[in-house]
Amino acid sequence: MIYIADNISNYLIYLFIIHFGFRLNPRKNKLFISASVLAMLSAGVYNAYFDTNSPIVYIFWSAVSICLFFEDRLSHLFVLSAALMYFTGIIDTFSVMLIQIVLIGGGVSGTGITWWMESAYLLSFLVYFLIYLKLFKKNDIYLCDIKFKYKFALFIQGSIFQMFYDYVFYFFDENHARYGFDAYAVFFISIAGAIYSIFLTLGLAIKNIQSDRQNRELQSFMYMQKQQYDYQLQQSAAVRRFRHDLINHMGVLRELANQKKTEEVKEYIDTIWKIQDEFDLKIHTGDGLFDVILNYYLYLAEKENIDFTVTGKLTGKTSLEMFDITTLMGNILQNALEAAVQTAVPKIRVEMIEHKKEIFIVVSNSEVKEMNIRKGFLRTSKADKSNHGFGLKNVAAAVRKYHGEYYTESIVENGQAMFKISIAIPKVISEEDKA
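Reference entry: report on the structure contained in this document. (Residues numbered from 1 in each chain as written. Predicted model: local features only at pLDDT ≥ 70, side-chain atom pairs only at ≥ 80, totals over all residues. Heavy atoms only, no water.)

Another aspect to go through is the nonpolar core. By size, the foremost hydrophobic cluster in this structure holds 57 residues, and its most contacted members are I17, F70, F94, F136, I146, I191 and L202. Elements supplying a minimum of two residues to this core: helix 1 (2–21), helix 2 (30–50), helix 3 (55–69), helix 4 (74–105), helix 5 (116–139), helix 6 (148–174) and helix 7 (181–258). No other element matches the 13 residues that helix 4 contributes to this core. Excluding residues that lie within four positions of it along the chain, L202 makes contacts with I131, L135, F136, L143, I146 and L154. (Core = buried A, V, L, I, M, F, W, Y, C linked by side-chain atoms within 4.5 Å. Buried < 20%, exposed > 50% of the residue type's maximum accessible area, 1.4 Å probe, protein only. Helix = DSSP H or I, 4+ residues; strand = E, 2+ residues; numbered from the N terminus. Contact = heavy atoms within 4.5 Å.)

If you want it as structure tokens, here you go:
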């Protein structure tokens, strides 16, 4: 039974790390999941029957069970399984050593590993759980986000520690009668330090990612601001050209009036009126910052023949800062524009609803296929996820900053697939809450 218990423990650890560390989902076909469990249990029965823990069998069932359980490229899953077997093996070694040090240092005779492994797996899992809870989940960063150089550093670091401890512990194990508890205490502290160094490496990797995110956020904000500024410059230049020609227009109208050509005067006035309409903001929400962004994306939508509508009014300026409005609406509308332009009937609809305590913003756009949504959070479907996914995370961060809520869903409206994001933000936010 010990072999089956070992396999189950390893299997659960693998599932935890891959699902929560690399954000991979199980396969939807339950037959694959059943086959994954069966491969793991069969290997345990084989080991129990022959009373052996063959490395080949361990490698085989680990790789096969992972590839069957998760939905991803087989090549990626195979590499992932190999990396996990290696790294978890290092952590398991540390855990076994810690338990043995406590027992041997405490005067317990015998060093054979039997039931100790189950305790070691539990200790290893606590390490992984703390890494997930204190580093990854807390910072919304996961193993799949970390650069390769940091992952490689962890492997090198772990390998050096394991070789060192294998040698030193073997010496201690064979000569433990010659040493007092203080020697084992030092060894205990050194292993704890090795695990702590892994936390430090991961912490450095996370800080690097956060720095990159901040730079990309700033670049994205500056790009959207530049696009909106260029649009305003175009509008300003058009106004100046119109004003420059205004005297000539008045001259033509005067001449037509002198000749009593009433119909021609009306037609000319209508032409001038249409030109003047182009300079005015077509969307008025009640908040000037929202107006600038919405009118800019209306301009882009019209260029792409996208039906862009805005409904609802605000009673005045919102509590959102300019940076956050640009981040929030800019990313949402840019994504909506890119999705809608690919559809046969492209459309974008923005609804703004103001209640007594909250402002609701709902943006819907036509889509070609169902969006990639995981647990209410929109995930990028673009190939270059490292450069595009952060925009979606920025939307979530902007909503959380104002203690708001958001919800994403794919719906069918009048026979057309639509993606919809709904946002609720309190109207009044204190500076202390925003910080």
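Glancing now at the packing of aromatic side chains. Applying the stated criterion across every chain, the model contains 19 aromatic pairs. Geometrically, the ring pair formed by Y14 and W61 is tilted, given 6.4 Å between the ring centres and 40° between the ring planes. Of this pair, Y14 sits in helix 1 while W61 sits in helix 3, and the two are 47 residues apart along the sequence. The two residues Y14 and W61 agree in class, both being buried. Between F136 and Y142, the ring centres sit 6.4 Å apart and the planes meet at 35°, which makes this aromatic pair tilted. Exposure class is identical for F136 and Y142. Each is buried. An aromatic cluster is present here, built from F16, F20, F125, F129, Y132, F136 and Y142 joined pairwise through their rings. Cation over ring: R27 sits above F32, and NZ or CZ is 5.1 Å from the ring centre. (Phe/Tyr/Trp six-rings, centres within 6.5 Å; stacked < 30°, edge-to-face > 60°. Lys NZ or Arg CZ within 6 Å of the ring centre and 35° of its normal.)

With 21 residues, helix 2 should reach 30 Å at 1.5 Å per residue; the first-to-last C-alpha distance of 30 Å fits that figure. Among the residues making up helix 2, those that are buried are S36, A39, M40, A43, G44 and N47. End-on view of helix 2: buried residues confined to an arc of 120°, all on one side of the axis. In this structure, helix 2 carries K30, L31, L38 and Y49 as exposed residues pointing more than 90 degrees from its buried face. Among the structural elements, helix 1 and helix 3 are those in contact with the buried residues of helix 2. (Expected span 1.5 Å × (residues − 1). Arc of directions from axis to C-beta.)

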